[in-house]
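Analysis of the macromolecular model
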Amino acid sequence: MAEVTTDARGLVKRRLGLRLWLSGGWLLILTLAAVFAPLLSPHDPLSQDLLGGRIPPMFFHGADPAYPLGTDSLGRDVLARLLYGGRIALIVALVAGLATCVIGSTLGLIAGYFRGWPDMVISRLIDIWMAFPPVLFAILLIAVIGPGLTSIILAIVVIDWTRFARVVRAEAMAQGAMDYVASAQVAGRTRVGTMLAEILPNVLPTVIALLTLEMGIAVIVEAILSFVNLSISTDDPTWGGMISEGRTSVYQAWWVLVFPLVCLFLTVLSFSQLGEGLKDRFDPVLR
Amino acid sequence: MTDRPFLDIEHLTARLKGSGTPLLRSVDLAVPAGSVHGLVGESGAGKSMIGKAILGILPRSVEVATGAIRLDGTDLQSLPSAERRTRVGALTALIPQDPLTALNPSRRIGPQITDRLVDILRWDRARATDRARQLLDEVQLPDPDRILRSYPHELSGGQRQRILIAAAFAAEPRLIIADEPTTALDVTVQKQILRLIREMQERHGTAMLFVTHDLGVVSKVCQSLSVLYAGKIVESARVEDFFRAPAHAYSRALLAASPRYTDPDGSLMPVPEEVMQAVRAEVAAFDEGRAANV
């Protein structure tokens, strides 16, 4: 006799979903490419060849098979620069994203759960912080501490921690009002214990979605700063720097502009979609 | 009197911080070990507030001004907060009103039942899980192993309330505060849950403070009750005496206002205006009397 399921609520399986596969796939490719850049790239991203400038990419008239994505106006290999640029983009995304997430979420969690004076202090800090124009803030910061990878990461953290703090604070406040928090307290949990064991797991899906979003934003900010020449040294390959250079010769060599632009677009999109997909998949509250 | 009540509240006064608006007005309450005491009153009368004051989960905007809350003879108000927390955790438990928000949505049911056994009684996981299985059996939930592994959203409201009852009895508390445990449930489920609470209470011999606005429920579950108005107890009585002849005019009006199953077509009786005025005047006189004494 076949078994009859009388209550299937526990059996609902959520599919991984196409967007999780696509976005995860692109980011995996990007990660592998960044890690193995020295092995994959056929040329040194910095070596110039003024006689071999503006070679078009594959399948176009005048293409050189040694340079599958062509070369820029200084004769540097676009593929090699893309790969090494991806490295910097990923490092910035990971380090800046995580640091922003940890700092912002911690402050938000404390403000939202403890309320009272910690909330007063943190909330006013957020208000004041958000009154500064962020890009100007970043430019000012880099002007003071000098350009470089560390300054970019620092600038992103300093600008964006409020994003996490605000959202996590609101979420922690909503969760803090739930009966299960009162029950935990009656069961003898300390305030800090309640915050970590009861509240944190419930804000985590939101934090993860925000984190991936923030990684995308970090990539964009890095590109913007490179675009205005405030990133690392102009010689080093970054996607923003490539876009900036490609812009000047877009009529003669469109590929120098288009390839980093496409990479940037796909990466930022993938990060945000990955976040949404993960939230759908792992948030037990969403159905 | 040798039969000391397990829960003994004396002159408990609570007020809003800042404005000082009184919320509980010198509440006296005694619940003997193993007995069920009902706490009735309209919304905002302070029923739940008393429960929260005992458990130490008052909103931060409320402060206890004076009074003693004695559990088994020890005044909780005089204990340092860490000691108070472990004492309350070991001796009491809460059956909350809304089963939908009373379980942590991102944790499995199992640890939510065994938390207190592990954290306060220092049981090992395996023993606590055995106990949880046995409790789920006691609250008549089939397939306990599956339920222990489930997340709250996979279960119905009635199932969740049964789980909360199981969790409340898990550490064999001496006192359970049931804060309108059936209000959020469907009427047919309400009856089953009520019967279950009663059975569990009798089997475990736990004292209970039963907060409700339903006098019908009080008559079925409680041995004694207190009627609360504006944070002041207007009448405390044994259930038989109360339903035979309520002493206070407000209690009488409240009883008359309850809908009766025997007369489904009868119109609902509101509490008469003169009774409301009288009870308000009584509370006002109490406040003035206090002010004069200070």
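Thresholds, definitions, all that
Residues numbered from 1 in each chain as written. Chains lettered and ligands numbered in written order. Predicted model: local features only at pLDDT ≥ 70, side-chain atom pairs only at ≥ 80, totals over all residues. Helix = DSSP H or I, 4+ residues; strand = E, 2+ residues; numbered from the N terminus. Contact = placed C-beta atoms within 7 Å. Axes fitted to C-alpha atoms, helices over the stretch in contact; angles between N-to-C directions. Parallel < 35°, antiparallel > 145°, perpendicular 65-115°, else oblique. Left-handed = near helix turned anticlockwise from the far one by under 90°. Nonpolar A, V, L, I, M, F, W, Y, C, P; charged D, E, K, R; others polar. Pairing = 2+ DSSP bridges.

**Some remarks on the overall build of chain A**
Assigned secondary structure in chain A consists of 10 helices and 0 strands. Each helix (α) and strand (β) of chain A, taken in turn from the N terminus, gives the series α-α-α-α-α-α-α-α-α-α. Projected onto the principal axes, the alpha-carbon positions of chain A cover approximately 75 × 70 × 30 Å. For chain A, the share of sequence-separated contacts (at least 6 apart) that also reach a separation of at least 24 residues comes to 71%.

**Considerations on the packing of helix α6 (residues 157-169) of chain B against helix α7 (residues 187-204) of chain B**
In helix packing, the relevant descriptors are the interaxial angle and the interaxial distance, both defined with respect to the helix axes. Residue and element names in this part refer to chain B. Close contact between α6 and α7 brings their axes to 11 Å; oriented N to C, the two are set at 15 degrees. As summarised for this structure, α6 and α7 are arranged roughly parallel, according to the angle between their axes. For the element pair α6 and α7, the recorded crossing hand is right-handed. Of the residues in α7, those touching α6 at Gly158, Gln161, Arg162, Ile165 and Phe169 are Val189, Ile193, Leu196, Ile197, Met200 and His204. Each residue belonging to the contact of α6 with α7 can be placed in one class, and the counts come to 7 nonpolar, 3 polar and 1 charged.

**Looking at the environment of B:Thr114**
Residues and elements named next belong to chain B. By secondary structure assignment, the location of Thr114 is in helix α3 (residues 109-119). Along the primary structure Thr114 and Asp72 are separated by 42 residues, whereas in three dimensions their C-alpha atoms are 25 Å apart. Apart from the residues lying within four places of it in its own chain, the contact partners of Thr114 are Ala128, Thr129 and Ala132.

**A few points about the sheet that holds strand β5 (residues 74-75) of chain B**
Residues and elements named next belong to chain B. Across the sheet, 4 strands lie side by side as β2-β1-β4-β5; this open sheet has antiparallel pairing. Strand pairing shows two members of the sheet lacking a second neighbour, β2 (22-31) and β5, which therefore form its edges. One ladder, built from 2 bridges, connects strand β4 (residues 62-71) with β5; its direction is antiparallel. Along β5, the bridge assignment pairs Arg70 with Asp75. Against the sheet, helix α1 (residues 47-55) contacts β1 (7-16), β2 and β4, and its axis sits at roughly 70 degrees relative to β2.

**Brief notes about the pairing of strand β10 (residues 232-238) of chain B**
Residues and elements named next belong to chain B. Bridging between strand β9 (residues 224-229) and β10 involves 6 bridges; their strand directions are antiparallel. Bridged to Ser226 within β10 is Ser236. Remark: 2 residues form the turn of the hairpin made by β9 and β10, two consecutive strands paired antiparallel; Ala230 in that turn has positive phi of roughly 50 degrees.

**Looking at the interface of chain B and chain A**
With 29 residues of chain B in contact, the opposing surface of chain A contributes 20 residues. Where the side of chain B that touches chain A is concerned, the elements lending two or more residues are α2 (81-91), β6 (92-95) and α3 of chain B. Among the elements that make up the side of chain B that touches chain A, the one with the highest residue count is α2(B) (4 residues). When the residues that make up the side of chain B that touches chain A are grouped by side-chain class, the tally is 12 nonpolar, 8 polar and 9 charged.

**Digging into the packing of helix α3 (residues 78-114) of chain A against helix α4 (residues 116-130) of chain A**
Residues and elements named next belong to chain A. One can describe the packing of α3 onto α4 by two numbers: an axis separation of 7 Å at closest approach and a directional angle of 135 degrees. Accordingly, the angle class assigned to the pair α3 and α4 is oblique. Both α3 and α4 take part in a crossing whose hand is left-handed. Facing Leu107, Ile110, Ala111 and Phe114 of α3, the residues of α4 in contact are Gly116, Pro118, Asp119, Ile122 and Ser123. Of the residues in the contact of α3 with α4, the class split is 6 nonpolar, 2 polar and 1 charged.

**Quick notes on the sheet that holds strand β3 (residues 36-41) of chain B**
Residue and element names in this part refer to chain B. Spatial strand order, β6-β7-β8-β3-β9-β10: 6 strands in an open sheet with mixed pairing. The sheet is open, and its two borders are formed by β6 and β10, each paired with just one other strand. Here the strands of the sheet are splayed against their neighbours by 15 degrees on average, with no regard to which way each runs. Bridging between β3 and strand β8 (residues 207-211) involves 4 bridges; their strand directions are parallel. By the bridge assignment, Leu39 is partnered in β8 with Val211.

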